[in-house]
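Each chain is listed here by its residues.
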Amino acid sequence: MKLIYCMALQVINLFPEVIKMFIGEYSHSLDAKGRLIVPAKFREELGEHFIMTKGIDKCLYIYPRSEWEIFENKLRELPLANANARRFTRFFLSGAVECDTDNQGRIIIPQSLRNHAGLTKEVVSAGVGTKIEVWSKDNWEAECNPDNLDDSIVESMGLFGI
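Residues numbered from 1 in each chain as written. Predicted model: local features only at pLDDT ≥ 70, side-chain atom pairs only at ≥ 80, totals over all residues. Heavy atoms only, no water.

Enquirer: Please provide a residue-by-residue account of the environment of W68, values included.
Expert: Examined against the element boundaries, W68 turns out to sit in helix 3 (residues 65-76). Take W68: its relative accessible area is 5%, and that puts it in the buried class. Taking C-alpha positions, W68 is 6.9 Å from I51, a pair spaced 17 residues apart along the chain. (Helix = DSSP H or I, 4+ residues; strand = E, 2+ residues; numbered from the N terminus. Buried < 20%, exposed > 50% of the residue type's maximum accessible area, 1.4 Å probe, protein only.)

Here it is as structure tokens:
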């Protein structure tokens, strides 16, 4: 039993990034320079350096470096001859920036990314598993309206085993 416990601890130490999961919703304001406070709970999991890029639903995605590398490798595997694959890859990589927080836990969001997500003042940071989504407050409230989660969506999740 002791041997199994020691082996389990070794596996956890070899792959600590596998355990990371972002959950929760936090509201903040952008300052005049386009800086956003990253919630302390998210900073702990993100690590020192991380990646921010355009998200699909008029939001931004923030990935820990380890998760970004997994995503980037999947993008590399897409067929170069496929126009949709090229557009998809271009969408995420062209907008990506490397980030780190300042001493007050803030990141600078470039103007191009603020424009993409419609970020002006009030912002919501939401943990969604392996990444963080950054939304304008208005877009977040529209997206998370309970009326958007109708029975057909709930039923279709059964196809994914949920």
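So, next bit.
Enquirer: An account of the pattern of salt bridges is needed here, citing residue identities and associated values.
Expert: Summed over all chains, the structure comprises five salt bridges. A salt bridge links R35 to D31; its shortest N-O distance comes to 2.6 Å. For D31, a relative accessible area of 24% gives the class partly exposed. Residue R76 pairs with E72 through a salt bridge whose shortest N-O separation is 3.9 Å. In this pair, R76 and E72 are both assigned in helix 3, four residues apart and thus about one turn of the helix distant. (Salt bridge = Lys/Arg side-chain N within 4 Å of Asp/Glu carboxyl O.)

Enquirer: Any chance you could break down the sheet that holds strand 8 (residues 132-136) for me, citing the residues and the numbers?
Expert: Strand order in the open sheet formed by six strands is 1-7-8-4-3-5, and the pairing between neighbours is antiparallel. A single partner strand is all that each edge strand has here, and the edge strands are strand 1 (22-29) and strand 5 (97-99). Strand-to-strand twist across the sheet, computed as the mean angle between neighbouring axes with direction ignored, equals 25 degrees. With three bridges joining them, strand 4 (residues 60-64) and strand 8 adopt antiparallel strand pairing. Note on strand 8: the bridge partner recorded for L60 is V134. (Pairing = 2+ DSSP bridges. Axes fitted to C-alpha atoms, helices over the stretch in contact; angles between N-to-C directions.)

Enquirer: Now, about helix 3: what can you tell me, with residues and values included?
Expert: The end-to-end C-alpha separation of helix 3 is 16 Å, in line with the 16 Å expected for twelve residues at 1.5 Å each. The complete set of buried residues in helix 3 reads E67, W68, F71 and L75. Viewed end-on, helix 3 has its buried residues packed into an arc of 100 degrees, placing them on one side of the element. Looking at the buried residues of helix 3, the elements they touch are strand 3 (50-54), strand 4 and helix 4 (83-94). (Expected span 1.5 Å × (residues − 1). Arc of directions from axis to C-beta. Contact = heavy atoms within 4.5 Å.)

Enquirer: Which residues make up the side chain of E133, and what values go with them?
Expert: Within the element layout of this structure, E133 appears in strand 8. Put simply, E133 is tucked away with no salt bridge, and the nearest opposite charge, on K131, sits 4.5 Å away. In this structure the side chain of E133 is engaged in a polar contact, spanning 3.0 Å, whose partner is the side chain of W135. Those residues in contact with E133, other than ones at most four positions away along the chain, are C59, L60, Y61, V124, S125, A126, V128 and W140. (Lys, Arg positive; Asp, Glu negative; His and termini not counted. Polar contact = N/O pair within 3.5 Å; in protein donor to acceptor, adjacent residues only side chain to side chain.)

Enquirer: Lay out the pairing of strand 7 (residues 122-129) in plain terms, naming residues and giving numbers.
Expert: Where burial is concerned, most of strand 7 is hidden: six out of the eight residues are buried. Two strands pair when backbone bridges link them, and strand 1 and strand 7 are joined in this way by eight bridges, in the antiparallel orientation. The partner of H28 across the bridge, within strand 7, is V123. Here strand 7 runs beside strand 8; their pairing, made up of five bridges, is antiparallel.

Enquirer: Account for the packing of aromatic side chains, with residues named and values stated.
Expert: For any two aromatic rings, the description comes down to two numbers: the centre-to-centre distance and the angle of the planes. Tallying each qualifying case throughout the model produces eleven aromatic pairs. Plain terms: the ring middles of F22 and F42 are 5.7 Å apart, the flat faces sit at 85 degrees to each other, and that makes the pair edge-to-face. Remark: F42 occurs in helix 2 (residues 40-46) and F22 occurs in strand 1; sequence separation between them is 20 residues. A centroid spacing of 6.2 Å and a plane angle of 15 degrees characterise the contact between Y61 and F92, whose relative ring orientation is stacked. In this pair, Y61 is assigned in strand 4 and F92 in helix 4, connecting sequence segments 31 residues apart. Assigned by exposure class, Y61 and F92 land together as buried. Counting every residue linked through ring pairs, the aromatic cluster contains Y61, Y63, W68, F71, F88, F91 and F92. (Phe/Tyr/Trp six-rings, centres within 6.5 Å; stacked < 30°, edge-to-face > 60°.)

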